[in-house]
Amino acid sequence: RYISFFLAMETKIFNVGAYRSDLYGGNLPAEFFDHSNKEFMGKREQACNAALSDLTDFMKQDGVRVGILDSTNSSRTRRTHIRE
């Protein structure tokens, strides 16, 4: 809010949790967050990729802007994926 109000820059937050809720619903079982469950890991990665795609599209628009990827990114694999 500070950036957009005081510095007049367009800002947008891309919350991976919101993407996950939109894709798979808001009331997910605990197993959804189990790192050993490959099916659910793939679904969480899809939510992250959707947020990253929208963030990338937002940043490619003309003008000065700030995009924020809001996610825990707690694993080294996820952080590497985001950097690449």
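Before reading further, recall that the structure is shown in the block above.
Residues numbered from 1 in each chain as written. Predicted model: local features only at pLDDT ≥ 70, side-chain atom pairs only at ≥ 80, totals over all residues. Heavy atoms only, no water.

Undergrad: Got a minute to help me understand the pattern of salt bridges in this structure?
TA: Side chains that differ in sign of charge can pair as their charged atoms come close. According to the stated counting rule, one finds two salt bridges in the structure shown. Where Glu-10 meets Arg-65, a salt bridge forms, and the shortest distance between an N and an O atom there is 2.8 Å. Taken as a pair, Glu-10 in strand β1 (residues 10-15) and Arg-65 in strand β2 (residues 65-70) lie far apart in primary sequence, 55 residues in all. Take Arg-65: its relative accessible area is 11%, and that puts it in the buried class. For Lys-43, the salt bridge identified is with Glu-39, shortest N-O distance 3.6 Å. With Lys-43 and Glu-39 both in helix α3 (residues 38-59) and four residues apart, the pair spans about one turn of that helix. When its relative accessible area of 25% is taken as the criterion, Lys-43 is described as partly exposed. (Salt bridge = Lys/Arg side-chain N within 4 Å of Asp/Glu carboxyl O. Helix = DSSP H or I, 4+ residues; strand = E, 2+ residues; numbered from the N terminus. Buried < 20%, exposed > 50% of the residue type's maximum accessible area, 1.4 Å probe, protein only.)

Undergrad: Sorry, what's going on with α3 here?
TA: Owing to its 3.6 residues per turn, the α-helix aligns residues three or four sequence positions apart on the same side. Look at α3: 31 Å from first C-alpha to last across 22 residues, which is about the 32 Å you get at 1.5 Å a residue. The complete set of buried residues in α3 reads Phe-40, Arg-44, Ala-47, Cys-48, Ala-51, Leu-52, Leu-55 and Phe-58. The buried residues of α3 occupy one face: seen down the axis, they fall within an arc of 135 degrees. Here the buried face of α3 lies against β1, α2 (16-24), β2 and α4 (76-83). (Expected span 1.5 Å × (residues − 1). Arc of directions from axis to C-beta. Contact = heavy atoms within 4.5 Å.)

Undergrad: Looking at this model, I keep getting lost on the nonpolar core. Mind explaining?
TA: Soluble globular proteins: nonpolar side chains tend toward being buried together. By size, the foremost hydrophobic cluster in this structure holds ten residues: Phe-14, Val-16, Tyr-19, Ala-47, Cys-48, Ala-51, Leu-52, Leu-55, Phe-58 and Leu-69. Elements supplying a minimum of two residues to this core: α2 and α3. At six residues, α3 tops the list of elements feeding residues into this core. If we ignore the near neighbours within four places in the chain, the residues touching Tyr-19 are Phe-14, Ala-47, Ala-50, Ala-51 and Asp-54. (Core = buried A, V, L, I, M, F, W, Y, C linked by side-chain atoms within 4.5 Å.)

Undergrad: It is not clear to me how the layout of surface pockets should be interpreted in this structure. Could you clarify?
TA: Think of a ball as big as a water molecule: rolled over the atoms, this probe shows where empty space is left. In this model, the largest pocket occupies a volume close to 390 Å³. Taken together, 19 residues line the largest pocket, and the ones lying closest to its centre are His-35, Arg-44, Ser-71, Thr-72 and Arg-78. Listed by contribution, the elements that provide at least two residues to the lining of the largest pocket are α2, α3 and α4. Per-element accounting of the lining of the largest pocket gives the leading share, four residues, to α3. Classifying every residue of the lining of the largest pocket gives four nonpolar, ten polar and five charged. (1 Å grid on protein atoms, 1.4 Å probe; cavity = no way out; pocket = protein on both sides within 12 Å on 5 of 7 lines; lining within 4 Å. Points joined across faces, edges and corners; volume = space filled by probe spheres on them. Nonpolar A, V, L, I, M, F, W, Y, C, P; charged D, E, K, R; others polar.)

Undergrad: I would appreciate a short explanation of the side chain of Arg-78 in the present structure.
TA: Its place among the elements puts Arg-78 in helix α4. With sequence-adjacent residues up to four places away left out, Arg-78 is seen in contact with Arg-44, Glu-45, Cys-48, Ser-71 and Asn-73.

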